Amino acid sequence: MTDLAGLLLGGAALLLHAALMVAAAPLVEAWIAPETIPVTHPARWPERIMRPYRALGALLARETIRSGNASPLAVAAPLLAVSLTLVAACLVPSFAVGLLDAPLADLLLVLGLLAGAQATLLLAAADDGLASSGLEAVGQMVNLILAVPGGIVAVLTLSLLAGGTGLDQILAVPHGGAGLAACCALGLAAIAATGRRSILSQGWSGADLALLRVQDGLQMLVWIDLIGGLALPGMLAAARSGPLGWLEGLLFWALRLALGTLLLRTVGASLTSLSSRRRLAGLSLLVAALAPVLLLAGRAPA
Amino acid sequence: MLIGLFLLAGLFALRGGLRVLVPGPVAPARAGWPVFAISGLACSLLGLATGRSAGLPIPIGTAGFAGGLTLDPLSCLFCLLIFAVTCFAETAPPSSRLADGRRDLAIAASLLVLLAGDSFLLGSGAVLAILALGASCGGRAPRAHALACIGAVGACIVLCQRAAPGGALLADPGFAVLRAGASGVASGQGAALLPIFAAIAAIPLLGLWPAQPLFRRHCAFAPVWAPVLGSLLGLFLLIRLLLDLAGPVPSVWWGAMLVLLGLGSSVRAGISGLTQNRPGAAIGGAIALQNGLAVGGVGLCLLAKAEDLPSLAGAAFDAVLLFLPVLSLAGLAALGLARIMEQEAGSGLVRRLGGLATSMPGACLVMTVPLGLLGFVAPAGGFAASWLLLQCAFSVSLPSIAGVPLLTGFLVTGIAASTSLGAAGLIRLAWVVALGRPRTPRGAAATDIGPTSARRHGALLVLPLLTSLLPGLWLGSQPGPAHPPFRLTAPGGTTMLVPLPILLAILLALLLSVLLVRRLAVRGERREPAWEGGAAPPPPWLPFGDPATQIAPSSLAIALRQALLARDGADPGLRSGWGRGRGVRWTMRWRARSLLLGLRASSDVAGRLLLTHGNALATAWVALMLLAMAFGALGPPDAVRVDVP
């Protein structure tokens, strides 16, 4: 296959990946947090699938109400958060590796973009000057601070395994027990850092709330793709394999998505308080610190 | 040629400076300084573009021992930053002739340090600059700065003894003897003394432990250029003394000492940035944090040099160079804007500021850029530098050092903790100062900055943005392997960061989001009073609502402290201790209801282990010792050995 054909296939796979991410985000958000979608009557499957999109449309049709003393940040924050998360979502492979943006995809960069989106929303939460959203923002900020070291130490293990932090590089190697421990640490850090949005979302309405839900869904998708790809390696197609090869990758992606959604829904229903998520940050650091030990213990003596 | 141009610029400055002695208004009398600063900027850019060294011997001293001035790529790079600081300092409102004189002396002495070609000029310039910087906040130079002078002089004496065992002060024209030395100062007494003297000279200037309170006081009260100039001077002294003049094979413990000092100080600066009462001091904490990371980078570079890993040493040095424009120019812009906000809002205390994003939107908009650069927002600024430093930490493979796994763990957790704490400190500053409701009527009536001030502060941010988006252009000015202009490459060469396309992708996504929302959101926006959770509207004497119901300056620090000390009120089981009381019964019942019993139990255990200071340290120590034992018994894994060329 020529370089040009590979480039075209990589570009097409990237476009398909981005479209899938944007399309699946409302669904994932609704599946993981079903309380955000108003239930009017029992519905069949096609209606259930369309319900999140209808809810988004209804939100966009409503008037956006903002606080009287809101600063320009209140307008910009949802847009900026969605943009940062969308770029992160485009960098993390869903069904195929070797996308056109693969040379740019770095695990630390993805974590940085997600943390930037989270920080933007936490900043905006304090914009109206209310006590409830401010306290919630402070609590989530603490969780974010505590989760970062665990996440970075987990990246250290993955980097030791793969010889770098490029995402395609990391997803290409089998990980073993140490890699699984690092995945667990990364997942625990993610759950601790993302937090719940029930109080934060009370300050938003209309188009802003719609953007916030899309961002939430995109963020969940990024974590599911990332941790699913790390925990279940070998299920990603190569972008150069063409549309027939992508089908297999898409099938496995749907499987990982279903598993990840179920897991996140269970965890989300179980860990409802900020303090319970905060303990996951501690657990993340512990597991992340033990992952390199597992890695080194499994190697032959020098 | 270049040094001649510098001298010409200095003559112009002298002409302007002499007119200060003549009675009259201050501003017209200093016409020479803009010429000096702009021509200095041009000379530095020319020097960086050509990338060649130049020298000018000065006939002082005995024959064969005369000193001189030297302009090399490293001093060119620092000259560029110092002249940019000079341009900004000159346009700041004049205070008094004495203060102006101290500022001129500090800048001139700093330039002498950069251009010094022998130990005598280096030491003299350093002492003058340190004293002038120490006196810049009024009164005499503090004791810490006097100690820094001793450190600088001691380091220069050690260098002289290395160059000429007789101890002649002018024994190393152009540092030629030192650079040509086969063993450098890594042997003998110099090996023990030089790093200690260099660290003593740099610590007060960089705001590292234990001189952090002094540095933060400078950031809050001294002219805004003073801490920035001090940071640049301190880092230059460290790099020049330990990386350039110390010889090709420095001792390993120099690097380990600097790594421990730098990262430990940066974590402490991050914590202190969360608790500062003044905006300038909080920004000073962020600058000190970046200084600490840069010192850690210098230490890592020394470690790699000692173990003969040139690509790792080069990458660590690149990370240090990437920190420079961020901590100096972005820090200067942030300090300048914070000072303007304090003046407009009528108070220098964080607890009296608030809601400035509404009353000063222009200032806050400009402020977001330096805060983003200092706050490690991906993909530019401090993020790019810390990314490269982390990659260096991932690639550390120094098998001959016994404690390397410990050092690697310390490096990675130190960088992660300091970056997250630094970002949290700046978010806390934005929460309290810019967002929310005004806390005083004066703050509500603050007026925005004018276009001139916005342009002046914006101009300072051009270089940090350019250097982080096109890092190869900045790093390529130094001798060494070629750097691609658009990307940063990790030491192993397998991973890279390309900030410009990522930024363009973010802007494209932002544009698409705006267009989509404008097209789909059919109804507009309405502003309503903030909902107060059912409380009554504010009384007439609190027109902006109760300021006490907002996020307080100490909210984040208190919440973080409670989390680390496991005093979280939401979990009585955790609070009451293991195996006793009602809290445990409550926790057990709660666990029994949970679907994730195992996860909860393990998270409780981990919480008990990690969420107190002592237990966290003990657990981390045990984990790292296990890591060290595994490394010692088995040797590092193959993937770690990516750097050995």
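Residues numbered from 1 in each chain as written. Chains lettered and ligands numbered in written order. Predicted model: local features only at pLDDT ≥ 70, side-chain atom pairs only at ≥ 80, totals over all residues. Heavy atoms only, no water.

A. The arrangement of the overall build of chain A in detail. Helix and strand counts for chain A come out as ten helices and three strands. Counting the 302 residues in chain A, one finds 65% classified as buried. Surface exposure of chain A reaches about 10600 Å², of which carbon and sulfur atoms provide 73%. (Helix = DSSP H or I, 4+ residues; strand = E, 2+ residues; numbered from the N terminus. Buried < 20%, exposed > 50% of the residue type's maximum accessible area, 1.4 Å probe, protein only. Areas by Shrake-Rupley, 256 points an atom, 1.4 Å probe, with all protein chains shown as cover.)

B. Layout of the overall build of chain B. When its secondary structure is counted, chain B shows 28 helices and five strands. Taking all 645 residues of chain B together, 56% fall into the buried category. A fraction of 78% describes how many contacts in chain B between residues 6 or more apart in sequence connect residues 24 or more apart. Accessible area of chain B: about 25500 Å², with a carbon and sulfur share of 69%. (Contact = heavy atoms within 4.5 Å.)

C. Representation of helix H14 (residues 310-345) of chain B. Residues and elements named next belong to chain B. Look at H14: 51 Å from first C-alpha to last across 36 residues, which is about the 52 Å you get at 1.5 Å a residue. When you tally the buried positions in H14, you get 31 out of 36 residues, the bulk of the element. Once H14 ends, the next one or two residues include Gly 346, with phi positive near 80 degrees. (Expected span 1.5 Å × (residues − 1).)

D. How the structure looks around the environment of Pro227(B). All names here are of chain B. Position of Pro 227 relative to the elements: it lies in helix H11 (residues 225-244). Looking at Pro 227, the relative accessible area reads 3%, which means it is buried. For Pro 227 and Leu 206, which are 21 residues apart along the polypeptide, the C-alpha to C-alpha distance reads 7.9 Å.

E. Main features of the packing of aromatic side chains. A complete count under the given rule lists two aromatic pairs over all chains for this structure. Aromatic side chains Phe95(A) and Trp246(A) sit 6.0 Å apart centroid to centroid with 65 degrees between the ring planes, which places their arrangement in the edge-to-face category. Of this pair, Phe95(A) sits in the loop between helix H3 (72-91) and strand E2 (96-97) while Trp246(A) sits in helix H9 (residues 242-270), and the two are 151 residues apart along the sequence. Comparing Phe95(A) with Trp246(A), the two get one shared label, buried. Geometrically, the ring pair formed by Phe78(B) and Phe236(B) is edge-to-face, given 5.1 Å between the ring centres and 70 degrees between the ring planes. Here Phe78(B), found in helix H4 (residues 73-91), pairs with Phe236(B), found in helix H11; they are 158 residues apart in sequence, far enough to count as distant. (Phe/Tyr/Trp six-rings, centres within 6.5 Å; stacked < 30°, edge-to-face > 60°.)

F. Main features of the nonpolar core. In this structure, Leu113(A), Met141(A), Phe78(B), Trp225(B), Ile283(B) and Trp431(B) are the most contacted members of the largest nonpolar core, which totals 280 residues. The residues contacting Trp431(B), other than those within four sequence positions of it, are Leu122(A), Leu123(A), Ala126(A), Ala137(A), Val138(A), Met141(A), Ile551(B) and Leu556(B). (Core = buried A, V, L, I, M, F, W, Y, C linked by side-chain atoms within 4.5 Å.)

G. Expanded view of the confidence of the model for chain A. Put simply, chain A has an average pLDDT of 86, and 92% of its residues get 70 or more. Across chain A, the secondary-structure element scoring lowest on mean pLDDT is helix H10 (residues 274-297) of chain A, at 80, and the one scoring highest is H3(A), at 94. (pLDDT = per-residue confidence, 0-100.)

H. The arrangement of the pattern of salt bridges in detail. Applying the stated rule across the entire model yields five salt bridges over all chains. Notably, a salt bridge pairs Glu63(A) with Arg526(B), separated by 2.5 Å at the nearest N-O pair. With Glu63(A) in the loop between helix H2 (45-61) and strand E1 (64-67) and Arg526(B) in strand E5 (residues 525-528), the pair connects residues from two separate chains. Given a relative accessible area of 34%, Arg526(B) falls into the partly exposed group. A salt bridge links Arg240(B) to Asp244(B); the shortest N-O distance between them is 2.7 Å. Linking Arg240(B) with Asp244(B), this pair stays in helix H11, spanning four residues, or about one helical turn. (Salt bridge = Lys/Arg side-chain N within 4 Å of Asp/Glu carboxyl O.)

I. Region of the structure containing the confidence of the model for chain B. When pLDDT is averaged along chain B, the result is 78, and 69% of the positions lie at 70 or above. Low pLDDT, under 50, characterises residues 569-581 of chain B; the predicted model gives this stretch 25 contacts beyond four residues in sequence or across chains.

J. Representation of the environment of Leu429(B) within the structure. All names here are of chain B. Here Leu 429 shows up in helix H18 (residues 404-434). A relative accessible area of 4% means that Leu 429 is categorised as buried. Leu 429 sits 58 residues away from Leu 371 along the chain, and the two C-alpha atoms are 9.7 Å apart. Look past the residues within four positions of Leu 429 in its chain and what remains in contact with it is Pro 279, Ala 282, Ile 283, Val 350 and Ala 434.

K. Quick look at the packing of helix H4 (residues 107-125) of chain A against helix H17 (residues 382-394) of chain B. Between H4(A) and H17(B), the least distance of the axes is 11 Å, while the angle of their chain directions is 140 degrees. Judged on the interaxial angle alone, H17(B) and H4(A) are oblique. Here H4(A) runs over H17(B); the crossing is right-handed. When H4(A) is examined against H17(B), the residues Leu108(A), Leu109(A) and Gly112(A) are found in contact with a partner set consisting of Phe383(B), Trp387(B), Leu390(B), Gln391(B) and Phe394(B). Along the lines of polarity and charge, the residues of the contact of H4(A) with H17(B) split into six nonpolar, two polar and no charged. (Axes fitted to C-alpha atoms, helices over the stretch in contact; angles between N-to-C directions. Parallel < 35°, antiparallel > 145°, perpendicular 65-115°, else oblique. Left-handed = near helix turned anticlockwise from the far one by under 90°. Nonpolar A, V, L, I, M, F, W, Y, C, P; charged D, E, K, R; others polar.)

L. Representation of unusual backbone geometry. All names here are of chain B. Each neighbour pair has its own omega, and for Trp 209 with Pro 210 the value is 5 degrees, a cis peptide bond. Its location among the elements puts Pro 210 in the loop between helix H9 (189-206) and helix H10 (212-221). With an omega of 5 degrees, the peptide bond between Ala 378 and Pro 379 qualifies as cis. By the element assignment, Pro 379 lies in the loop between helix H16 (361-374) and H17. Even without being a glycine, Asp 308 presents a positive backbone phi close to 60 degrees. Secondary-structure assignment places Asp 308 in the loop between helix H13 (279-306) and H14. For Asp 308, a relative accessible area of 60% gives the class exposed. The phi dihedral of Phe 376 is positive, around 65 degrees, even though this residue is not glycine. Along the polypeptide, Phe 376 turns up in the loop between H16 and H17.

M. A look at the side chain of Asp72(B). If you trace the backbone, Asp72(B) turns up in the loop between strand E2 (68-71) and H4. Here Arg240(B) takes part through its side chain, which lies 2.8 Å from a polar atom of the side chain of Asp72(B). (Polar contact = N/O pair within 3.5 Å; in protein donor to acceptor, adjacent residues only side chain to side chain.)

N. Summary view of the environment of Pro438(B). Along the chain, Pro438(B) turns up in the loop between H18 and helix H19 (441-444). The sequence separation of Pro438(B) and Gly354(B) amounts to 84 residues, and the corresponding C-alpha distance is 4.4 Å.

O. Fine view of the packing of helix H6 (residues 119-135) of chain B against H11(B). Residue and element names in this part refer to chain B. At their nearest, the axes of H6 and H11 sit 10 Å apart, and the two run at 155 degrees to each other. On the basis of the axis angle, H6 is roughly antiparallel to H11. The way H6 lies across H11 gives a crossing that is left-handed. Packed against H6, whose contacting residues are Leu 122, Ala 126, Ala 129, Ile 130 and Leu 133, the element H11 presents Trp 225, Ala 226, Leu 229, Gly 230, Leu 233, Leu 237 and Leu 241 at the interface. Among the residues making up the contact of H6 with H11, the classes are represented as eleven nonpolar, one polar and no charged.

P. View of the state of the cysteines. Residues and elements named next belong to chain A. Enumeration according to the criterion identifies zero disulfides over all chains in this entry. Here Cys 183 is not disulfide-linked; the sulfur of Cys 184 is the nearest cysteine sulfur, at 6.9 Å. Among the residues examined, Cys 183 registers a relative accessible area of 4% and is labelled buried. (Disulfide = S-S within 2.5 Å.)

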